[in-house]
Amino acid sequence: MNQTSSGQATDAIRHADILIIGGGLSGAMLAAQLLRLPGQRSLLVIEPRAELGRGEAYSAVELGHTLNGNAARMSVDPDNADDLTQWLTEYIAAGGWPESDEQHVPVSELFPPRGIFGLYVQQRLAEAQAVGALNGSTVEHVRAEVVDLQTLDDCVRLSLSDGQQLQGAFAVLATGMFPAARTPQTESSGLNAAALDPWDVAAMRQLDPQSTVLIIGSGLTMVDAVVSLEQAGHRGPIEVFSRHGLLPHVRRQPPAWVDFLAEDHSIRTPRQLLRELRRHCRDAIAQGIDWQSPLDTVRAHIGRLWNQATDVQRRQFVRHVRPWWESHHHRSPPLSAELVARLHGEGRLRIQAASFKGLVPSVNGEVSIRIRRRGEADTLIVSGAALINSSGIEYDWRRVARPLPQQLLARGLIKPGPLALGIAAAVDGAVLDVGGQVAQRLFAMGPPLRGMWWESTAVTDVASQAKALATRLAVAAAEPARLRSAAKPS
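- Taking an unreviewed UniProt entry as the reference, the protein is identified by name as FAD/NAD(P)-binding protein belonging to Pseudomonas nunensis.

See the structure below:
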């Protein structure tokens, strides 16, 4: 990839057909889809990291940080569900993945390390770049952060952290996820300043191996944090606090189950879905079949069901069902789940249903927090040598203290999505402004559309959105050219 040097301010405005804000999975897959389409177009991908295709999720370098889905579920090609399996087969044969116990199962059932998955994304992007070059299409990585965005009548203009300005016919918010552990908050509790990064194994090696570590949150980020501690050589107690005290279930490979939502279109509300899903899970268990089989059929229908639900129904789901949905649906990879189960069985890892109520001034170099156990009125103070924020993803852009989200909100170019999850957009990804008007030149995809589709973060979701949005943008970008051609005198 060509790359601009960072830190050099310039007054010149650079131009491209399409500006992609964010170069993680979302931005890389959108660029790949655009490059593979017929026609000539220029793309600029603005991403502060040194590499495209990794983002927050796939920048991990530890082999123990794996995908939470097996290879058969994680293809970036929406037209080929076996794409990752095929790539991984070749990668393993070439000696790219060190031998492990997990590799004695079919490749399609492997849970690859996230770092290796990042390589896969990068290779598919490089292949698309080669295809695009045949048509005269280009993609360039601009290594900087977008700090402001303006929509003009005929273009979108971006201001970057290094002083550059970029201009394009269209721009796409492919900003990915904002992990709570790494995202500054507008209403800061000071938690992140006092906490270790859940994926920073090097920092965890500095701890006393026998010391107590406190973790806020019990989802998949917590699982990663426990893996990090294990790889760092930590052998002391781990105290986990979350509101409901639920751990992610382990992901298994259940047999296929009838797609009951495809057969019964009368199921339209979250309550109807849960009632019918429970019935199918009971039927599966009665037949000696894993309850995960019926649950896995629901995945393809969540976007439709969520999108057609009322705000009242969505709010009921988030308030009463979400914790159980997350723990049952967003399941842990087997090796990580085995580690958590072992430490829990040994008594080293304890999980408590308790809410975080704030930091307490430290004493003797320890970190202290105030918690309130579920069902109790009084709070208590617990202390440890270190604290890890594993509270998941921040989807409310009003709480994200980063320049671009704050500027977009201040300019009224975006508005919060349903239940303040992500941002509001039309079905095709066109962003809605504060007045509900559909943007003509600003689009979004992936995690920013959480409020629109609920599940908008998985690889298959992002891949499908990238294909649809690329087609939409290619048509829109070609329209001005056709108009100019028609206006020329014969």
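### Description of the overall build of the protein
Argument step 1. In terms of regular secondary structure, the protein is built from 15 helices and 15 strands.
Argument step 2. The C-alpha radius of gyration computed for the protein amounts to 23 Å, which stays within 12% of the reference 23 Å derived for 490 residues, consistent with globular compactness.
Argument step 3. In terms of its C-alpha atoms, the protein occupies a principal-axis envelope of roughly 80 × 55 × 55 Å.
Argument step 4. In the protein, which comprises 490 residues, the share counted as buried stands at 50%.

### What about the sheet that holds strand 8 (residues 213–216)?
Argument step 1. Across the sheet, which stays open at both edges, the 6 strands sit in the order 12-11-10-9-8-13 with mixed pairing between neighbours. Strand pairing shows two members of the sheet lacking a second neighbour, strand 12 (380–384) and strand 13 (386–389), which therefore form its edges. Ignoring which end each strand starts from, the neighbouring axes of this sheet average 45° apart.
Argument step 2. Pairing of strand 9 (residues 238–242) with strand 10 (residues 349–360), which is carried by 5 bridges, proceeds in the parallel orientation. Its bridge partner lying in strand 10, Val-240 is registered against Ile-351.
Argument step 3. Contacts from helix 6 (residues 220–231) reach strand 8, strand 9, strand 10 and strand 13 within the one sheet, and its direction differs from that of strand 8 by about 160°.

### Focus on unusual backbone geometry
Argument step 1. Positive phi outside glycine occurs at Leu-419, with the angle close to 60°.
Argument step 2. Positionally, Leu-419 belongs in the loop between helix 13 (403–411) and strand 14 (430–432).
Argument step 3. Given the relative accessible area of 25%, Leu-419 is considered partly exposed.
Argument step 4. With phi around 65°, Trp-454 is a residue other than glycine that occupies positive phi space.
Argument step 5. By the element assignment, Trp-454 lies in the loop between helix 14 (450–453) and helix 15 (459–487).
Argument step 6. When its relative accessible area of 1% is taken as the criterion, Trp-454 is described as buried.

### A look at the nonpolar core
Argument step 1. Leu-25, Leu-30, Phe-117 and Leu-473 are the most contacted members of the largest nonpolar core, which totals 45 residues.
Argument step 2. Every element with two or more residues in this core is listed here: strand 2 (13–21), helix 1 (25–36), strand 3 (42–46), helix 2 (83–93), helix 3 (114–135), strand 7 (165–173) and helix 15.
Argument step 3. By residue number, the principal contributor to this core is helix 1, which donates 8 residues.
Argument step 4. Core analysis: the second largest hydrophobic core is formed by 30 residues, Leu-166, Leu-404, Ala-425 and Met-452 among them.

### Considerations on helix 12 (residues 334–346)
Argument step 1. Compared with an ideal rise of 1.5 Å per residue, which puts 13 residues at 18 Å, helix 12 spans 18 Å between its outermost C-alpha atoms and is within 8% of the ideal.
Argument step 2. Turning to helix 12, its buried residues number three or more, namely Ser-336, Ala-337, Leu-339, Val-340 and Leu-343. Burial along helix 12 is one-sided: seen end-on, the buried residues are contained in an arc of 160°. Turned more than 90 degrees away from the buried face of helix 12, the exposed residues are Leu-335, Glu-338 and Gly-345.
Argument step 3. Contacts from the buried residues of helix 12 go to helix 6, strand 9 and strand 10.
Argument step 4. Just downstream of helix 12 lies Gly-347, where phi reads positive at about 85°.

### Considering the pairing of strand 5 (residues 146–151)
Argument step 1. Taken together, the 5 bridges between strand 5 and strand 6 (residues 156–160) define a ladder with antiparallel strand orientation. In the sheet register, Val-146 faces strand 6, and the bridge partner there is Leu-160.
Argument step 2. As consecutive antiparallel partners, strand 5 and strand 6 are separated by 4 residues.

### Section: the side chain of Thr-66
Argument step 1. Locating Thr-66 in the fold gives a position in the loop between strand 3 and helix 2.
Argument step 2. Given a relative accessible area of 10%, Thr-66 falls into the buried group.

### As for the packing of helix 2 against helix 3
Packed helices, taken two at a time, are described by their axes: the angle between them and the distance between them.
Argument step 1. Where helix 2 meets helix 3, the closest approach of the two axes is 11 Å, and the angle between their N-to-C directions is 105°. When the axes of helix 2 and helix 3 are compared, the pair comes out roughly perpendicular. Touching Asp-83, Leu-84, Trp-87, Leu-88 and Tyr-91 of helix 2 are Ile-116, Phe-117, Leu-119, Tyr-120, Gln-123 and Arg-124, all from helix 3.
Argument step 2. For the contact of helix 2 with helix 3, the class distribution of residues is 8 nonpolar, 1 polar and 2 charged.

### Regarding helix 6
Argument step 1. Counted at 1.5 Å a residue, the expected span for helix 6 with its 12 residues is 16 Å, and the 17 Å between its end C-alpha atoms agrees.
Argument step 2. Within helix 6, 10 of the 12 residues are buried, leaving the element largely enclosed by the surrounding structure.
Argument step 3. Buried residues of helix 6: Thr-221, Met-222, Val-223, Asp-224, Ala-225, Val-226, Val-227, Ser-228, Leu-229 and Glu-230, and no others.
Argument step 4. Trailing helix 6 by a residue or two, Gly-233 shows a phi angle of about 90°, which is positive.

### A look at the packing of aromatic side chains
Argument step 1. As enumerated under the stated definition, the model contains 10 aromatic pairs in all.
Argument step 2. With a centroid separation of 4.7 Å and 40° between ring planes, the pair formed by Trp-306 and Trp-454 is classed as tilted. Within this pair, whereas Trp-306 is found in helix 10 (residues 302–308), its partner Trp-454 is found in the loop between helix 14 and helix 15, the two being separated by 148 residues in sequence. The same class applies to Trp-306 as to Trp-454, namely buried.
Argument step 3. Through a chain of ring-to-ring contacts, three or more aromatic side chains come together here, namely Tyr-58, Trp-87, Tyr-91, Phe-117 and Tyr-120.
Argument step 4. Cation over ring: Arg-441 sits above Phe-170, and NZ or CZ is 5.6 Å from the ring centre.
Argument step 5. Between the NZ or CZ atom of Arg-450 and the centre of the ring of Trp-454, over which it lies, the distance is 4.0 Å.

Each value, and the rule that gives it
- Residues numbered from 1 in each chain as written.
- Predicted model: local features only at pLDDT ≥ 70, side-chain atom pairs only at ≥ 80, totals over all residues.
- Heavy atoms only, no water.
- Helix = DSSP H or I, 4+ residues; strand = E, 2+ residues; numbered from the N terminus.
- Rg over C-alpha atoms; globule rule 2.2 N^0.38 Å.
- Buried < 20%, exposed > 50% of the residue type's maximum accessible area, 1.4 Å probe, protein only.
- Pairing = 2+ DSSP bridges.
- Axes fitted to C-alpha atoms, helices over the stretch in contact; angles between N-to-C directions.
- Contact = heavy atoms within 4.5 Å.
- Core = buried A, V, L, I, M, F, W, Y, C linked by side-chain atoms within 4.5 Å.
- Expected span 1.5 Å × (residues − 1).
- Arc of directions from axis to C-beta.
- Parallel < 35°, antiparallel > 145°, perpendicular 65-115°, else oblique.
- Nonpolar A, V, L, I, M, F, W, Y, C, P; charged D, E, K, R; others polar.
- Phe/Tyr/Trp six-rings, centres within 6.5 Å; stacked < 30°, edge-to-face > 60°.
- Lys NZ or Arg CZ within 6 Å of the ring centre and 35° of its normal.

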